[in-house]
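Geometric and topological summary
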Amino acid sequence: MTSQGVEFYERLGVKRLINAASWITVYGGSIMPPAVVTAMEDASRWFVDMHELNAKAGQVIANLTGAEAGLVTAGSAAGMVLEAAACMAGSDPAKVWRLPDTTGMKNEIILHRAHRVNYDHNFRAAGATLVEIGNSGSTAEWELEDAINENTAAVAYIFGPRRGGALPLDKVVEIAHKREVPVIVDAAAMLPPPENLTQFIAMGADMVSFSGGKGVLGPQSTGILAGRADLIEAAYANGAPNSDSIGRAAKVCKEEIAGLVTALEIFVDTDFEAVMSGWRDQCAHVVESLGDIPGLRLALSEARPEMLESMSNAPRALIYFEHDWKGPSRDQVLQMLEDGDPGVRVNASGFEGEIAIIPVNLRRGEEIELARRLREVLTGG
Ligand SMILES: *Cc1c(COP(=O)(O)O)cnc(C)c1O
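Note that residues are indexed from 1 along each chain, following the sequence as it is written. Local features in a predicted model are, by the rule used here, given only for residues with pLDDT of at least 70; side-chain atom pairs are given and counted only at 80 or more, and totals for whole chains, interfaces and linings are based on all residues. The side-chain numbers reported here are obtained from all heavy atoms of the structure, hydrogens and water having been left aside.

1. Looking at the overall build of the protein chain
Counted only if it meets this: Strands here mean DSSP runs of E at least two residues long; helices mean DSSP runs of H or I at least four residues long; both are numbered from the N terminus. As defined in this context, the radius of gyration uses C-alpha atoms, and a globule is described by 2.2 Å times the residue total to the power 0.38. By the convention used here, residues are in contact when the closest approach between their heavy atoms is within 4.5 Å. Areas reported as accessible are Shrake-Rupley estimates using a 1.4 Å probe. Residue values count occlusion only from the protein chains shown. Counted as positive: Lys and Arg. Counted as negative: Asp and Glu. His and the chain ends are not counted at all. Lysine's charge is taken at NZ, arginine's at CZ, aspartate's at CG and glutamate's at CD.
In terms of regular secondary structure, the protein chain is built from 14 helices and twelve strands. Taken against the 2.2 N^0.38 rule, which gives 21 Å for 381 residues, the C-alpha radius of gyration of the protein chain at 22 Å falls within 12% of a compact globule. The long-range fraction of contacts in the protein chain, counting pairs at least 24 apart against all pairs at least 6 apart in sequence, stands at 70%. As displayed, the protein chain offers around 17600 Å² of accessible surface, 51% of which is attributable to carbon and sulfur atoms. If you average the places of the 33 positive and of the 51 negative side-chain charges in the protein chain, the two averages end up 3 Å apart.

Following this line, the structure appears as structure tokens:
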């Protein structure tokens, strides 16, 4: 492993991380391919009219998603703010100005209780009131029908780590559209597979928000919004560069737009079968390297993108502690991994007691150092 380019972080005294946790914002998100960095550097040398740049970048998104229109956002979270704002205020300048005060607007956003995630805060940030349907295990169609009323601005659908008991998206679209209510989707971590770029739009979603800085490998602070032309126009009216808007705090600069567009063009050209098989090999190395340690159970979990859950989009190596395990506790293992230099971050957000190695942010060959560190920490040797 080369440590080229780490000088800046060393100068500040910031420790490098091995990121086996996935596209996690607090661990730096993702690494941009060199061509993306070059595009940002090129864009940084010149002035352009931001309306023109936004419109042309939006056209690229529209073409690649099959939507009528698109917009580069400051991350999927900012896309959610703009989705909510667009459905409540539209492009009406008086309403755009009034948000997050929603007086005189439809302001309820319906979402499944099974879809509650930290990020639904972004709908509330625009001024929306959340209305929950269903429970953690199931939702009936009548619950959605019953929740829709004259104050309903939108139905939100969130593709998170696990889908739980939500109605399928196409059913939600069918019910909402019968009442002329738009369906807004957060699919932040659902790329790859690239098919999802078009899939949710094709199912009838009115707006879909993706992260640009997760699997797309664009700038960490970017996102992709795609959808109906009138709603994308409204999203734009509710955000930067419009300086008197709720979304102005989530500005996107010309360099980020250049980086995102370039990353997206590379993304749709990528051979993901090859990428997945590389990720699988990295997981297999971890499983094989630790398989002989008594009291541990290792498993390789295959990618299952058809489950439409962000946890299933890539293969994973899973570590379980059996009842006869005599070594350090999971929390002690996590702490020792963090305390080393470089620090190691694994994913402990899944099932209780499980440690997941998610390979999407491992550099080539880094699985060898990772497996060695895991072994040291687990065996105390
Ligand atoms: C990561 C994530 C977000 C936030 O996306 P950003 O691009 O970091 O703003 C929102 N929703 C879900 C389900 C996510 O996984």
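2. Side note on the site of the ligand
Our working definition: Nearness of a residue to a molecule or strand requires only that one of the residue's heavy atoms be within 4 Å of it. Counting of polar contacts relies on pairs of N or O atoms within 3.5 Å, with two restrictions inside protein: one atom must be capable of donating a hydrogen and the other of accepting it, and residues adjacent in sequence are counted only when both atoms are side-chain atoms. Under the grouping applied here, Gly and all other residues not named as nonpolar or charged are polar, the nonpolar ones being Ala, Val, Leu, Ile, Met, Phe, Trp, Tyr, Cys and Pro and the charged ones Asp, Glu, Lys and Arg.
Taken together, Thr25, Gly75, Ser76, Ala77, Tyr119, Phe159, Asp186, Ala188, Ala189, Ser211 and Lys214 make up all the residues around the ligand. A distance of 2.6 Å separates an oxygen atom of the ligand from a polar atom in the side chain of Ser211. Within the side chain of Lys214, one N or O atom sits 2.8 Å away from an oxygen atom of the ligand. The protein chains hide 88% of the 380 Å² of surface that the ligand would expose on its own. Here the residues of the shell around the ligand are counted per class, giving five nonpolar, four polar and two charged.

3. With respect to the domain arrangement of the protein chain
So the rule is basically this: Each domain's limits were defined by an automated method or a database of domain assignments. A simple way to read buried area is as the amount of 1.4 Å-probe accessible surface that goes missing from two parts once joined, with both sides added. Criterion for a salt bridge: a side-chain nitrogen of Lys or Arg within 4 Å of a carboxyl oxygen of Asp or Glu.
If you check the domain split of the protein chain, you get domain 1 (7-29 + 271-379) and domain 2 (34-267). Between the C-alpha centres of domain 1 and domain 2 the distance comes to 30 Å. With both chains or domains summed, domain 1 and domain 2 bury close to 1600 Å², and 62% of this area falls on carbon and sulfur atoms. Together, Trp23, Phe272 and Leu308 form the three largest contributors to the area buried by domain 1 at its contact with domain 2, with a combined 43%. Applying the counting criterion to the domain 1 and domain 2 interface returns zero salt bridges. Inspection of the region where domain 1 meets domain 2 yields three residue pairs in polar contact (both at pLDDT 80 or more). For the side of domain 1 that touches domain 2, the residue count by class is nine nonpolar, six polar and one charged.

4. Considerations on unusual backbone geometry
We apply this condition: Partly exposed residues are those whose accessible area sits between 20% and 50% of the maximum for their type, while under 20% is buried and over 50% is exposed, using a 1.4 Å probe and protein chains only.
With omega at -10°, the peptide bond leading from Leu191 into Pro192 counts as cis. Looking at the secondary structure, you find Pro192 in the loop between β6 (183-186) and α9 (196-202). In this model, Ala240 is joined to Pro241 through a cis peptide bond whose omega is 5°. Mapped onto the elements, Pro241 comes out in the loop between α10 (229-237) and α11 (254-268). Even without being a glycine, Ser22 presents a positive backbone phi close to 105°. Among the structural elements, Ser22 can be located in the loop between β1 (17-20) and α2 (34-43). Backbone geometry at Leu308 places phi at a positive 55°, although glycine is not the residue there. Inspection of the secondary structure puts Leu308 in the loop between β9 (296-301) and β10 (316-321). Classification of Leu308 by relative accessible area gives buried; the value is 12%.

5. What about the nonpolar core?
Under the convention used in this document: Each nonpolar core is a collection of buried residues, namely Ala, Val, Leu, Ile, Met, Phe, Trp, Tyr and Cys, held together in the definition by side-chain atoms within 4.5 Å.
One finds Leu144, Phe159, Val185 and Phe200 to be the most contacted residues of the largest nonpolar core, which totals 45 residues. The greatest single-element share of this core, amounting to six residues, is contributed by α11. Setting aside residues up to four positions removed in sequence, Phe159 forms contacts with Leu169, Val185, Asp186, Ala187, Met190, Phe200 and Leu308. Core analysis: the next-biggest nonpolar cluster, separate from the first, contains 32 residues, Val81, Met88, Ala128 and Met207 among them.

6. A look at the sheet that holds β9
Heads up, the rule is: Note: two strands are recorded as paired if DSSP finds a minimum of 2 bridges between them. Note on method: axes are straight lines fitted to C-alpha atoms, helices fitted across the in-contact stretch only, with angles between N-to-C directions ranging 0 to 180 degrees.
Spatially, β9-β10-β12 is the arrangement adopted by the three strands of the open sheet, whose pairing is antiparallel. What marks the edges here is a single partner per strand, and that holds for β9 and β12 (355-357). For this sheet, the mean inter-axis angle between neighbouring strands, taken without regard to orientation, is 20°. Helix-sheet contacts for helix α12 (residues 272-290) involve β9, β10 and β12, and the interaxial angle to β9 is about 165°.

7. Things to note about the environment of Ser221
Counting through the fold element by element, Ser221 comes out in the loop between β7 (207-211) and β8 (223-227). Residue classification places Ser221 among the partly exposed residues on the basis of a relative accessible area of 35%. In this structure the C-alpha to C-alpha distance between Ser221 and Ser76, which are 145 residues apart in sequence, comes to 8.9 Å.

8. Some points on the pattern of salt bridges
Under the defined criterion, the tally for this structure stands at 14 salt bridges. For Asp230, the salt bridge identified is with Arg228, shortest N-O distance 2.9 Å.

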